[in-house]
Amino acid sequence: MWNFIQNQILGMKWLYTLVGNLINTLGLDITNKVGGTIHFFVYDLIKIVVLLCCLIFIISYIQSFFPPERTKRIIGRFHGLGANILAALLGTITPFCSCSSIPLFIGFTSAGLPLGVTFSFLISSPMVDLGSLVLLMSIFGWKVAIIYVLLGLVIAVSGGTLIEHLHLENYVEEFIYRGKKIEVEDEKLTIRDRVDYSFSKMITTLEKVIIYIVIGVGIGSIIHNWIPKDLVVKTLGNGNPFGVFIATICGIPMYADIFGCIPIAEALLAKGAKLGVVLSLMMAVTTLSLPSMIMLKKAIKPKLLGTFIAICTVGIICVGYFFNFIQSFII
Amino acid sequence: MGLFSFNKNKEEITPVKGSLKNIKVLGAGCSTCHKQYEYAQAACKELGLNIEVEYITDLEKIMEYGMMSMPLIVINDKVAAKGKLVRTADVKKLIEDNLL
């Protein structure tokens, strides 16, 4: 039963066969390189777009129950490590646009939440989210997905706790602490409101990320059909012990949506890249994107920003090597 | 990107009853917030309102509204929408609902 869900619903193997047959009828041979590339491109593009639409809709619906104001109130009731853990967990559910990170940071800080708690939220929010969880399940299997989420949460909680212990409160811009404490009542939303919200979020997200998906699937298709296997193995696979390190450093300045990363990661893995290398790349791209860093820099001073980046980088590298190590046991 | 804008607004300019003192779009600078500003501008134009939409990206000013989700649409000094991209047609409805 689970295999059916894994292969047919999430993996859409039936779509692969269908597209293959369609292309064959159009006269192209899918066993040669060009036909194979087109086959993979069309199949992967449709699969990711459909998955994206379903995921964003369902997740936005869940997220409509957790607006930032409510998250702030919930976390505010807890202290210490519990608060960090809760912040990391809520970070995965709360809607997050990179330009919401600053207002959120301000809101949490002016509500009196400790710096470490806010950072646990800021780390887990982009790195671990329900969308990537389901997508990872469809590509890499549920074991990888669960471990990825757990390790992401561990990085978030330990990163936040570490920042707390370093007492870097002075490295937040002063105006943040002067923020107005406005208690906003939660909007009473009907089911219709939530459906409308989820649908509009789905359309907006699709419009925003479609270009990344097309590019990502394009690159993935080329890797799938044209890049020789031993090149990938030599640079990103068993042939290179520094693979994780390189992947993380390369991922940091890149800005791409996770949905665009997945087809590339998929293709690289199939060509012999190690699992940890591929996942480190994804984590680095989503957590430490340049646009987010630029916006965060408006709210915190360089030393705190540097610490944040360093903690995330080290965390991602460690997780990457860990996944490399356990790869044979879980795939 | 306008992939799904099936109803490209080709409506006539309709005069609006009531008055619009100011309309502001607040954002931290990401592409969604900028799009919101453009939709707000288009809405004002289509309603025949001769008013400049203020686009505020200054963090200290944004903080005065105490909101945590961007983009924000503030009409006549009241927060009319927050945290989602509101299309031109819906911005027009918001303006009409919030006139003095």
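Cut-off values and rules
- Residues numbered from 1 in each chain as written.
- Chains lettered and ligands numbered in written order.
- Predicted model: local features only at pLDDT ≥ 70, side-chain atom pairs only at ≥ 80, totals over all residues.
- Heavy atoms only, no water.
- Pairing = 2+ DSSP bridges.
- Helix = DSSP H or I, 4+ residues; strand = E, 2+ residues; numbered from the N terminus.
- Axes fitted to C-alpha atoms, helices over the stretch in contact; angles between N-to-C directions.
- Contact = heavy atoms within 4.5 Å.
- Expected span 1.5 Å × (residues − 1).
- Buried < 20%, exposed > 50% of the residue type's maximum accessible area, 1.4 Å probe, protein only.
- Polar contact = N/O pair within 3.5 Å; in protein donor to acceptor, adjacent residues only side chain to side chain.
- Salt bridge = Lys/Arg side-chain N within 4 Å of Asp/Glu carboxyl O.
- Buried area = accessible area lost by both parts, 1.4 Å probe.
- Core = buried A, V, L, I, M, F, W, Y, C linked by side-chain atoms within 4.5 Å.
- Phe/Tyr/Trp six-rings, centres within 6.5 Å; stacked < 30°, edge-to-face > 60°.
- Lys NZ or Arg CZ within 6 Å of the ring centre and 35° of its normal.

Draft legend 1. Summary view of the sheet that holds strand 4 (residues 78-82) of chain B. All names here are of chain B. Overall, mixed pairing links the four strands, which are arranged 2-1-3-4 in an open sheet. The open sheet has two edge strands, strand 2 (54-56) and strand 4, and neither has a second partner. The sheet shows a mean angle of 25 degrees between the axes of neighbouring strands, taken without regard to direction. As paired elements, strand 1 (residues 23-26) and strand 3 (residues 72-75) share four bridges and run antiparallel to each other. What sits directly across from Leu26, in strand 3, is Leu72. Where helix 1 (residues 31-46) meets the sheet, its contacts fall on strand 1, strand 2 and strand 3, and the angle it forms with strand 1 comes to roughly 165 degrees.

Draft legend 2. Spotlight on helix 7 (residues 115-127) of chain A. Taking 1.5 Å per residue, 13 residues should reach 18 Å; helix 7 of chain A reaches 19 Å between its end C-alpha atoms and fits that length. Of all the 13 residues making up helix 7 of chain A, 13 are buried; the element is thus mostly covered by neighbouring parts of the structure.

Draft legend 3. Just the side chain of Lys47 of chain A, in detail. All names here are of chain A. Structurally, Lys47 can be placed in helix 3 (residues 33-63). According to the relative accessible area criterion, Lys47 is buried, its value standing at 2%. One polar contact links Lys47 to Glu266, side chain to side chain, over a distance of 3.1 Å.

Draft legend 4. Seen up close, the pattern of salt bridges. In total, this model carries ten salt bridges over all chains according to the counting rule given. Glu69 of chain A is the partner of Lys82 of chain B in a salt bridge, and the nearest nitrogen-oxygen pair spans 3.7 Å. Separated into two different chains, Lys82 of chain B in strand 4 and Glu69 of chain A in helix 4 (residues 68-76) make up a pair that spans both.

Draft legend 5. Region of the structure containing the environment of Val42 of chain A. With respect to the helices, strands and loops of the structure, Val42 of chain A is situated in helix 3. Sequence-wise, Val42 of chain A and Ser221 of chain A are 179 residues apart; in three dimensions their C-alpha atoms are separated by 9.3 Å.

Draft legend 6. Just the environment of Ala247 of chain A, in detail. Residues and elements named next belong to chain A. Here Ala247 is to be found in helix 13 (residues 243-251). What makes Ala247 buried here is its relative accessible area of 5%. Residues within four places of Ala247 in sequence aside, it is in contact with Val277, Ser280 and Leu281.

Draft legend 7. Seen up close, unusual backbone geometry. Put simply, Met70 of chain B and Pro71 of chain B share a cis peptide bond, and its omega is -5 degrees. Tracing the backbone shows Pro71 of chain B in the loop between helix 2 (59-63) and strand 3. Positive phi values are uncommon outside glycine, yet His167 of chain A reaches one of about 50 degrees. With respect to the helices and strands, His167 of chain A occurs in the loop between helix 9 (142-165) and helix 10 (174-177). The backbone of Asp77 of chain B shows a phi angle near 65 degrees, a positive value even though the residue is not glycine. If you trace the backbone, Asp77 of chain B turns up in the loop between strand 3 and strand 4. For Asp77 of chain B, a relative accessible area of 41% puts it in the partly exposed group.

Draft legend 8. Structural context of the pairing of strand 4 of chain B. Residues and elements named next belong to chain B. Pairing of strand 3 with strand 4, which is carried by four bridges, proceeds in the antiparallel orientation. Counted as the bridge partner of Ile73 is Ala81 from strand 4. Between strand 3 and strand 4, which follow one another and run antiparallel, lie two residues, and Asn76 among them has a positive phi close to 50 degrees.

Draft legend 9. Main features of the interface of chain A and chain B. Opposite the 30 residues of chain A that make contact, chain B presents 25 residues. At the boundary of chain A with chain B, total buried surface from both sides reaches about 2400 Å², with 65% on carbon and sulfur atoms. Linking chain A to chain B there are two salt bridges. At the level of secondary structure, the elements contributing two or more residues to the side of chain A that touches chain B comprise helix 4, helix 6 (101-110), helix 10 and helix 11 (191-226) of chain A. With eight residues, the single largest contributor to the side of chain A that touches chain B is helix 11 of chain A.

Draft legend 10. Layout of the nonpolar core. One finds Phe105, Phe119, Phe140, Phe259, Leu279, Ile300 and Phe323 of chain A to be the most contacted residues of the largest nonpolar core, which totals 98 residues. Ignoring sequence-local partners within four residues, the contact set of Phe140 of chain A consists of Ala265, Leu269, Leu275, Val278 and Leu279 of chain A. Membership of the second largest hydrophobic core comes to 17 residues, among which are Ile23, Ile75, Val86 and Leu99 of chain B.

Draft legend 11. Structural context of the packing of aromatic side chains. Residues and elements named next belong to chain A. Across all of its chains, the model carries eight aromatic pairs over all chains by this definition. Look at Phe108 and Phe121: their rings are 5.1 Å apart centre to centre, the planes differ by 70 degrees, and that puts the pair in the edge-to-face class. With Phe108 in helix 6 and Phe121 in helix 7, this pair connects stretches of sequence that are 13 residues apart. On the accessibility criterion, Phe108 (0% relative accessible area) is buried. Of the aromatic side chains, those joined through ring pairs into one cluster are Tyr16, Phe40 and Tyr43. Looking at Arg70, its charged tip hangs above the ring of Phe66, at a distance of 5.3 Å from the centre. A cation sits over an aromatic face here: Arg194 above Phe65, 3.8 Å from the ring centre.

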